[in-house]
There are 4 protein chains.
Amino acid sequence: MFAVTAARIDADDPLSGLELGERPEPEVPDGWVSVTVRAAALNHHDVFSLRGVGLSADRLPMVLGCDAAGTDPDGNEVIVHAVIGDANAGDGDETLDPRRSLLSERYDGTFAERVVVPRRNLVPKPAALSFEQAACLPTAYLTAYRMLFEKSGAQPGSTVLVQGASGGVATALIILGRTAGFRMWATSRTEAKLERARELGADQVFPSGARLPERVDVVMETVGQATWAHSVRSLKPGGRIVICGATSGDAPPAELTRVFYTQLSVVGSTMGTRDQLVRLARFCEQTGVRPVIDSVRPLAQARDAFAAMIAGTQAGKLVLTP
Amino acid sequence: MFAVTAARIDADDPLSGLELGERPEPEVPDGWVSVTVRAAALNHHDVFSLRGVGLSADRLPMVLGCDAAGTDPDGNEVIVHAVIGDANAGDGDETLDPRRSLLSERYDGTFAERVVVPRRNLVPKPAALSFEQAACLPTAYLTAYRMLFEKSGAQPGSTVLVQGASGGVATALIILGRTAGFRMWATSRTEAKLERARELGADQVFPSGARLPERVDVVMETVGQATWAHSVRSLKPGGRIVICGATSGDAPPAELTRVFYTQLSVVGSTMGTRDQLVRLARFCEQTGVRPVIDSVRPLAQARDAFAAMIAGTQAGKLVLTP
Amino acid sequence: MFAVTAARIDADDPLSGLELGERPEPEVPDGWVSVTVRAAALNHHDVFSLRGVGLSADRLPMVLGCDAAGTDPDGNEVIVHAVIGDANAGDGDETLDPRRSLLSERYDGTFAERVVVPRRNLVPKPAALSFEQAACLPTAYLTAYRMLFEKSGAQPGSTVLVQGASGGVATALIILGRTAGFRMWATSRTEAKLERARELGADQVFPSGARLPERVDVVMETVGQATWAHSVRSLKPGGRIVICGATSGDAPPAELTRVFYTQLSVVGSTMGTRDQLVRLARFCEQTGVRPVIDSVRPLAQARDAFAAMIAGTQAGKLVLTP
Amino acid sequence: MFAVTAARIDADDPLSGLELGERPEPEVPDGWVSVTVRAAALNHHDVFSLRGVGLSADRLPMVLGCDAAGTDPDGNEVIVHAVIGDANAGDGDETLDPRRSLLSERYDGTFAERVVVPRRNLVPKPAALSFEQAACLPTAYLTAYRMLFEKSGAQPGSTVLVQGASGGVATALIILGRTAGFRMWATSRTEAKLERARELGADQVFPSGARLPERVDVVMETVGQATWAHSVRSLKPGGRIVICGATSGDAPPAELTRVFYTQLSVVGSTMGTRDQLVRLARFCEQTGVRPVIDSVRPLAQARDAFAAMIAGTQAGKLVLTP
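Residues numbered from 1 in each chain as written. Chains lettered and ligands numbered in written order. Predicted model: local features only at pLDDT ≥ 70, side-chain atom pairs only at ≥ 80, totals over all residues. Heavy atoms only, no water.

Asks: Summarise the overall build of chain A; cite the residues concerned and give the values.
Replies: Within chain A one finds nine helices and 18 strands. Computed over its C-alpha atoms, the radius of gyration of chain A comes to 19 Å, within 12% of the 20 Å expected for a compact globule of 322 residues. By principal-axis analysis of the C-alpha atoms, chain A measures approximately 55 × 40 × 40 Å. Here chain A, with 322 residues, has 61% of them falling under the buried criterion. Long-range contacts, defined here as pairs at least 24 residues apart, represent 70% of the contacts in chain A between residues at least 6 apart. (Helix = DSSP H or I, 4+ residues; strand = E, 2+ residues; numbered from the N terminus. Rg over C-alpha atoms; globule rule 2.2 N^0.38 Å. Buried < 20%, exposed > 50% of the residue type's maximum accessible area, 1.4 Å probe, protein only. Contact = heavy atoms within 4.5 Å.)

Asks: Lay out unusual backbone geometry in plain terms, naming residues and giving numbers.
Replies: Glycine aside, the phi torsion of most residues is negative, and most peptide linkages are trans. In this structure, the amide linkage connecting Leu60(A) to the following residue, Pro61(A), adopts the cis form with an omega of -10 degrees. For Pro61(A), the location among the structural elements is in the loop between helix H1 (44-51) and strand E4 (62-63). Of note, the phi angle at Met271(A) is positive, near 55 degrees, even though the residue is not glycine. One can find Met271(A) in the loop between strand E16 (265-268) and helix H8 (274-287). Under the relative-accessibility criterion, Met271(A) is labelled buried at 7%. Although it is not a glycine, Ser104(B) sits at a positive phi angle of roughly 85 degrees. Mapped onto the elements, Ser104(B) comes out in the loop between strand E8 (101-102) and strand E9 (114-118).

Asks: Please give an account of the interface of chain D and chain B that cites residues and values.
Replies: Contacts between the two partners involve eight residues from chain D, matched on the other side by eight residues from chain B. Between chain D and chain B, roughly 700 Å² of surface is buried when both sides are summed, and carbon and sulfur atoms account for 30% of that area. A per-residue breakdown of the area chain D buries against chain B is headed by Asn88(D), Asp91(D) and Arg120(D), which together make up 61% of the total. Tallied by class, residues from the side of chain D that touches chain B come to one nonpolar, three polar and four charged. (Buried area = accessible area lost by both parts, 1.4 Å probe. Nonpolar A, V, L, I, M, F, W, Y, C, P; charged D, E, K, R; others polar.)

Asks: A description of the relation of the copies chain A and chain D should follow, citing residues and the corresponding values.
Replies: Rotating chain A by 180 degrees about the axis while translating it 0.0 Å along that axis superimposes it on chain D, leaving an RMSD of 0.0 Å. Both chain copies can therefore be described as sitting about a two-fold axis. When you check the interface residues of chain A against chain D, 100% turn up at the interface there too, and the contact is symmetric in its surfaces. (Least-squares fit on C-alpha atoms with pLDDT ≥ 70 in both.)

Asks: Break down the side chain of Gln163(A) for me, citing the residues and quoting the values.
Replies: Residue and element names in this part refer to chain A. Mapping glutamine 163 onto the fold places it in the loop between strand E11 (159-162) and helix H4 (168-180). Here serine 231 takes part through its side chain, which lies 2.9 Å from a polar atom of the side chain of glutamine 163. When near neighbours in sequence (up to four residues on either side) are disregarded, glutamine 163 contacts Thr187, Val219, Met220, Glu221, Thr222, Val223, Thr227, His230 and Ser231. (Polar contact = N/O pair within 3.5 Å; in protein donor to acceptor, adjacent residues only side chain to side chain.)

Asks: Explain the confidence of the model for chain A to me, using residue names and the numbers behind them.
Replies: Per-residue confidence for chain A gives a mean pLDDT of 97; residues scoring 70 or more make up 100%. Confidence estimates for the predicted assembly give a pTM of 0.97 and an ipTM of 0.96. (pLDDT = per-residue confidence, 0-100.)

Asks: Could you give me a rundown of the interface of chain A and chain D, with the residues and numbers involved?
Replies: In this complex, chain A contributes 36 residues to the contact, which on the side of chain D involves 36 residues. Between the two partners, chain A and chain D, sit zero salt bridges. Our count for the contact surface shared by chain A and chain D stands at 19 residue pairs in polar contact (both at pLDDT 80 or more). At the level of elements, helix H3 (137-151), strand E15 (235-243), helix H7 (256-261) and E16 of chain A are the ones that each hand at least two residues to the side of chain A that touches chain D. With six residues, H7(A) is the single largest residue contributor to the side of chain A that touches chain D. When grouped by side-chain class, the residues that make up the side of chain A that touches chain D number 17 nonpolar, 13 polar and six charged. (Salt bridge = Lys/Arg side-chain N within 4 Å of Asp/Glu carboxyl O.)

Asks: Explain the environment of Leu299(C) residue by residue, including any values.
Replies: Residues and elements named next belong to chain C. With respect to the helices, strands and loops of the structure, leucine 299 is situated in the loop between strand E17 (293-298) and helix H9 (302-311). For leucine 299, a relative accessible area of 3% corresponds to the buried category. The sequence separation of leucine 299 and glutamate 22 amounts to 277 residues, and the corresponding C-alpha distance is 12 Å. Apart from the residues within four sequence positions on either side, leucine 299 is in contact with Phe2, Val4, Leu20, Phe111, Ala112, Glu113, Leu320, Thr321 and Pro322.

Asks: Which residues make up the packing of helix H4 (residues 168-180) of chain C against helix H8 (residues 274-287) of chain D, and what values go with them?
Replies: Following both chains from N to C, one finds H4(C) and H8(D) inclined at 115 degrees, their axes separated by 8 Å at the closest point. Contacts between H4(C) and H8(D) involve Arg178(C), Thr179(C) and Ala180(C) from the first element and Phe283(D), Gln286(D) and Thr287(D) from the second. Its residues assigned to classes, the contact of H4(C) with H8(D) comprises two nonpolar, three polar and one charged. (Axes fitted to C-alpha atoms, helices over the stretch in contact; angles between N-to-C directions.)

Asks: Go over the sheet that holds strand E13 (residues 204-207) of chain D, please, and point to the residues and values.
Replies: Overall, mixed pairing links the twelve strands, which are arranged E13(A)-E12(A)-E11(A)-E14(A)-E15(A)-E16(A)-E16(D)-E15(D)-E14(D)-E11(D)-E12(D)-E13(D) in an open sheet. Pairing within the sheet leaves two strands with one partner each, and these edge strands are strand E13 (204-207) of chain A together with E13 of chain D. Neighbouring strand axes in the sheet, compared pairwise and without regard to direction, differ in orientation by 20 degrees on average. Direction of pairing for strand E11 (residues 159-162) of chain D relative to strand E12 (residues 183-188) of chain D: parallel, over a ladder of four bridges. Residue Val162(D) lies in a different strand from E12(D), and its bridge partner there is Ala186(D). Its contacts with the sheet put helix H4 (residues 168-180) of chain D on E11, E12 and strand E14 (216-221) of chain D, and the angle it makes with E12(D) is roughly 160 degrees. (Pairing = 2+ DSSP bridges.)

Asks: Any details on the packing of aromatic side chains? Residues and values, ideally.
Replies: Evaluated as defined, the whole model comprises 24 aromatic pairs over all chains. Aromatic pair Phe149(A) and Phe283(A): ring centres 5.6 Å apart, planes at 55 degrees, arrangement tilted. Residue Phe149(A) is found in helix H3, and its partner Phe283(A) is found in helix H8; the two are separated by 134 residues along the sequence. The pair formed by Phe149(A) and Phe283(A) is uniform in burial state, with each residue classed as buried. Through pairs of rings, three or more aromatic residues link up here, namely Tyr145(A), Phe149(A), Phe182(A) and Phe283(A). Just above the ring of Phe131(A) sits the side chain of Lys125(A); from NZ or CZ to the centre is 4.8 Å. Sitting above the plane of the Tyr261(B) ring, Arg100(C) keeps its charged end 4.9 Å from the centroid. (Phe/Tyr/Trp six-rings, centres within 6.5 Å; stacked < 30°, edge-to-face > 60°. Lys NZ or Arg CZ within 6 Å of the ring centre and 35° of its normal.)

So, in structure tokens, the structure goes:
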């Protein structure tokens, strides 16, 4: 079958390790199932893999891709949950299983005509979502879903500040949060990105580091070092920072005194459970909200999609179709 | 000032105790404030008061009405929180204060040109909501908000069954729940009410007692005895019934074995906190959703509004304006 | 191997179905493990099984017994978790898996020289507990642990009322709750049982239905119908009933008005997770508290233990040793 | 009345600002009450006050002291809750009221013959506790209570690591945690303090920074910078750091990647609510555990107690009696 593969690791020139071409048909272990991929979506994770983050050379070649929607052998339309883990080993949450992995880390990923996953990783695709839309959900949107609806502890109508409004998860946070009735505020360093955040539904936008009109209930962090001091200062007593990334660096001064004295919480989050992916798909179905897609390309043009992601020029998800 | 008052209690002929006319200007205790009422909304609570439920004869005459929006002495547009209680006495929640009351139970209510309440019971009215819309929020919609967003423990995308889809809180549950992305299912005994529930946003509707296509995460109970057995049987293991009323009777067999064996929870709820009312108003502002209003009448025609509520012919809130 | 088996179901004469004798050595499926039983403990569940509750005739003969401690094939001392279920199928909790069962319902139980269970059902036995003590934990004490420390939502120092203080779970609740610093109150119909509850650590005891000196934070229900009205009336606003049984009947009037108006919760609970069994064993180890044992008998005298349980004459757990 | 007062602020020589002598009888505002102090206990907070932390020169002279037990005007034995705050202003928690203060910050403290506090700040003193013991609870022990039983999210039997085992809160954590059945592990830089931690009930002790035999459920942080990296590395996936102080510095690198990738939480905590103080007192009563007291001195020898606290030579609470 045709697939997009990491054939070599190169931290400086990730694209050089990308290979497109025929790969042997995957075997299907007991309890696993082969999904015919109808659409897959790119994430920064795929570029990180080519740089060797989370993917070691001894596992190459590895088919890339975490996100996919397609059909199972019975013809059911499905979304693929990207977390390969066991809730029994993770205190009831497969993302806490110490041996969990994401598709394309230990098992071949979704940028192929077929992907093989444990049967329980299949989630029904609502008919109202296209394959392209459904393929955008399992990573960035699922991460945002869990941050908003499980980890934030906030109730609709609360004020949620998204730091660095232009990233993949940040975009998903603004879209999902506004749809669910949170008051979403966003920051960014550039006027163009603030304008974009406003178009996505942010109630108010601010230049990075700006003093806010009032303190917020929750801060969503994906930036880290560059925004940490501002995040800590923007919260009400008892407020919460939910963090899923630290693209600008992960070692800001922790500001522990402020954390304990105003009784803040800092809550780490990554990905989400299968049950949460089911609910995310239904949330889209019920509200009519859809992931924002930048462009759809055939799998054979995956190199262009990777180049766009590295350049950071996309506005929305980059989708590939076999 | 002009006001609508309970002058006499009559359980069988509640309307006979209703009096409209001039009342003395209310005094304003320290820390309280006089609100100029711009709109008020009826609830079944007002009819119950005339029947003597929650209102004893020695407190008469009592101005009726729990819900209001208006302006404070500085001209700010405000919504009035109807719960007179102290969080310090209620384990952090004023609705758990053993001495709490609702407006019109111990202190004069909102069906008047002015209502006097503790200053902290004022909540900012978003400009996007009219006074008439804002006046609908503090009782039925706040009750629904708390049931959905605090008590249900559910995340958006979960399936929520509303028993008896036509009541005031049930209507609010369908509207708020659908807006926030829950999959709302509803039951009723009449086809017309099911049709109405569907128009309000219910994803699927069922005749009362019907077998559902799958078990649900949460059941919202306002009916009680007539639907209890069905509610208990409709839940997934670990599911939850949230209950705020029992209009058909409160003494169904409790079905304790089913409750413990499938690890269900039954969670009582009534009204909501001031903070939740703030969030509810913002939720309406951010999502664009609005309470459904049946009709707006001048305060002087309050008797017609009471008659409509007793007849049960309204479709939405009955609003009065001084 | 020697085992105690349900050979026949008889609702009226449960003992008549009990058979002691040689049974074939059990097979060990992949991922399962054979435990050499060193001690096992009786529960009412075992008598219910002989009456046909939870055990159908087509599964006979079935080795009885849920509770055990013993050694695994590597010689490690282990406690056996009795719930055969999958957290992935139960929203993160194996006791919510719709296909879960207890040992002796679908798979042979613990009243035998060897019992075969999934490897993850083994929990390390602290050296400080004897096999006899450890064998008492997996059913009654685990149920009590979960009710107190997960389901009650109470913090140490809260007041917890145990209805019907003499049952197996009720005894465990008093012992564990008092040890952890809850203020345990207990009710019973007989003075002797109240005296016993006091000896176990109850802070105050009351005849069934007595008016309490103050309202409590939590009521623990194992009795059901006979105590329900009292339970509902004994709680503070916002209080919680945790229920794991209803020996006197499961159909008292539900008292829904009181439930919603004072915002009570009724929380069903049964058994506990493997992780909770690990913590329960450590809790015993750290605090020095031990299950109360009535008597230890060789497996060959199991009939006497069953007879004692049916007569209700025991004071503590009935332990069997192969 | 006789009192111990901060008369001057001196960051370098705190003792120089301490004055003992007669002070005017305090006035008693409406809703407040005068408590006859029977015992009071020192905290580092009192030394910080003399250094000017949380106490500005314009508020001098200020009677020092947060902790006290005594009798109210009706002769009831009471413990004084040190947090002057309003749950209505703090989202249901008076410690989140932005205008809250501790006794001796805005209102005169407890190192005096009488202290005046809001009536609701009185908590019943269990007869089983002496005044000296009860006076130790409201600050260090209440802080530990809330960290363990509200903020940690852990259940008895969980493993809890206390960093820096010798401080006032750390000592209280070990004592309360062990009593309630947690497996308490502790670290310190000196062998003597580890020995002491073991005597207090720590299950295992480790030199600071040591590799632990297994990862823990919760880390209790009072040290901050010196132990942060170790704390973050010592937790299971999904684990939690609860922090109430940062005596070694508050600006370690935050390690955000580890926080989000292993889904840790960092939860700030300070003091506790009145309701928690009630439960803490009952917890002591029910379990028999008592605060560890280093010494009891008459109020007139307060200077010696302050000197001991600055020297750090005490082993337990320093109690003063008028």
